[in-house]
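Each chain, written out:
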Amino acid sequence: MYRLDPRRDAVIVVDVQNDFCPGGALPIPEGDRVIPPLNALVRRGTCLNIATRDWHPRDHCSFTNQGGIWPVHCVAETWGAEFHPALDHSRLQLIVSKATTPNQEAYSGFQGTSLATLLRERGVERLLIGGLATDYCVKATALDARQAGFEVVVLEDAIRGVEVNHGDCARAIEEMRRAGCISFRTDQLV
Ligand code: VGL
Ligand code: ZN
């Protein structure tokens, strides 16, 4: 069991957007399976609920048509960039958009945003992180959170990965663990 502390905990829902779920432009296998456990957690209302979103311009450098490695995805103000309709976004108190300029990639919710400052202003010390994708934005956000001095709990039943290469998710989880992240299932949180 792992006890939540409303005074110092925040949930970060990473990139639960249409394009990363089945039917989207960059679908992550079982991407939508992260939604039920994340909804259950944000609906408790115990912690500050934050979401990040990938929010790219049309000509973002990560797109293959610009020389990048990903298909066009999460273009700001389009369906693909919207939160998945099953995600209870009415419970989200802060939304952080990232990778919003053409020439910069940002997998981490901390990169080029004011997330660290926002968290410190609210007295947050510990982050419960779930969402998409384990081997990209979840990993980058968790590692940056550790660098910024936050405790990190990775929600192991509420993450899914792209797995471009076999073993990427396992390696990402190991990297997060080595950086001091711990992991729990959402049903272990009390
Ligand atoms: C992501 C690939 C490209 C992610 C974002 O949210 O993990 N992955 N852009
Ligand atoms: Zn992206």
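Here, every reference points to the structure presented above.
Predicted model only: the values in this text are computed from it and were never measured.

Participant: A description of the overall build of the protein should follow, citing residues and the corresponding values.
Facilitator: The helix and strand inventory of the protein stands at 4 helices and 6 strands. Helices and strands appear in the protein in the N-to-C order β-α-β-β-α-β-α-β-α-β. Against the 2.2 N^0.38 benchmark of 16 Å for 190 residues, the protein shows a C-alpha radius of gyration of 15 Å, consistent with a compact globule. Each of the three principal axes of the protein carries a C-alpha extent, and together these read 45 × 35 × 30 Å. Expressed as a percentage of its 190 residues, the buried residues of the protein come to 54%. Across the protein, every contact between residues at least 6 apart in sequence was considered, and the portion connecting residues at least 24 apart equals 77%. If you sum the accessible surface of the protein, you get close to 8600 Å²; carbon and sulfur atoms cover 49% of it.

Participant: Run through the site of ligand 1, naming residues and quoting values.
Facilitator: In the vicinity of ligand 1, the contacting residues are Asp15, Phe20, Asp54, Trp70, His73, Tyr107, Leu132, Ala133, Tyr136 and Cys137. The contact in question runs from a nitrogen atom of ligand 1 to an N or O atom on the side chain of aspartate 54, over 3.0 Å. For ligand 1, the protein covers 99% of the area, taking 260 Å² as the surface of the free molecule. In the shell around ligand 1, the residues fall into 7 nonpolar, 1 polar and 2 charged.

Participant: Please give an account of the coordination of the zinc ion (ligand 2) that cites residues and values.
Facilitator: Only Asp54 (OD), His56 (NE2) and His73 (NE2) from the protein reach the zinc ion (ligand 2) as donors, at distances of 2.0 to 2.2 Å. Mapping the donors of the zinc ion (ligand 2) onto the primary sequence yields the spacing D-x1-H-x16-H. With histidine 56 in the loop between strand E2 (48–54) and strand E3 (94–98) and histidine 73 in the loop between E2 and E3, this residue pair connects regions lying 17 residues apart in the sequence. Using a relative accessible area of 1% as the deciding quantity, one classes histidine 56 as buried. Taking relative accessible area as the criterion, histidine 73 reaches 3% and is therefore assigned buried.

Participant: An account of helix H3 (residues 134–147) is requested, with residue identities and associated values reported.
Facilitator: Looking at H3, one finds that the buried residues are Thr134, Asp135, Tyr136, Cys137, Val138, Ala140, Thr141, Ala142 and Ala145. Contact partners of the buried residues in H3: strand E1 (9–14), E3, strand E4 (126–132), strand E5 (151–160) and helix H4 (168–178). Once H3 ends, the next one or two residues include glycine 149, with phi positive near 95°.

Participant: Could you give me a rundown of the pairing of E2, with the residues and numbers involved?
Facilitator: With 6 of 7 residues buried, E2 lies mostly within the body of the structure. Two elements, E1 and E2, share 5 bridges in a ladder whose sense is parallel. Bridge pairing links valine 11 to asparagine 49 in E2. As defined by bridge partners, E2 adjoins E3 across 5 bridges and the pair is classed as parallel.

Calculation rules
- Residues numbered from 1 in each chain as written.
- Chains lettered and ligands numbered in written order.
- Predicted model: local features only at pLDDT ≥ 70, side-chain atom pairs only at ≥ 80, totals over all residues.
- Heavy atoms only, no water.
- Helix = DSSP H or I, 4+ residues; strand = E, 2+ residues; numbered from the N terminus.
- Rg over C-alpha atoms; globule rule 2.2 N^0.38 Å.
- Buried < 20%, exposed > 50% of the residue type's maximum accessible area, 1.4 Å probe, protein only.
- Contact = heavy atoms within 4.5 Å.
- Areas by Shrake-Rupley, 256 points an atom, 1.4 Å probe, with all protein chains shown as cover.
- Near = heavy atom within 4 Å.
- Polar contact = N/O pair within 3.5 Å; in protein donor to acceptor, adjacent residues only side chain to side chain.
- Nonpolar A, V, L, I, M, F, W, Y, C, P; charged D, E, K, R; others polar.
- Donors = N, O, S within 2.8 Å, 3.2 Å for Na, K, Ca; no water.
- Pairing = 2+ DSSP bridges.

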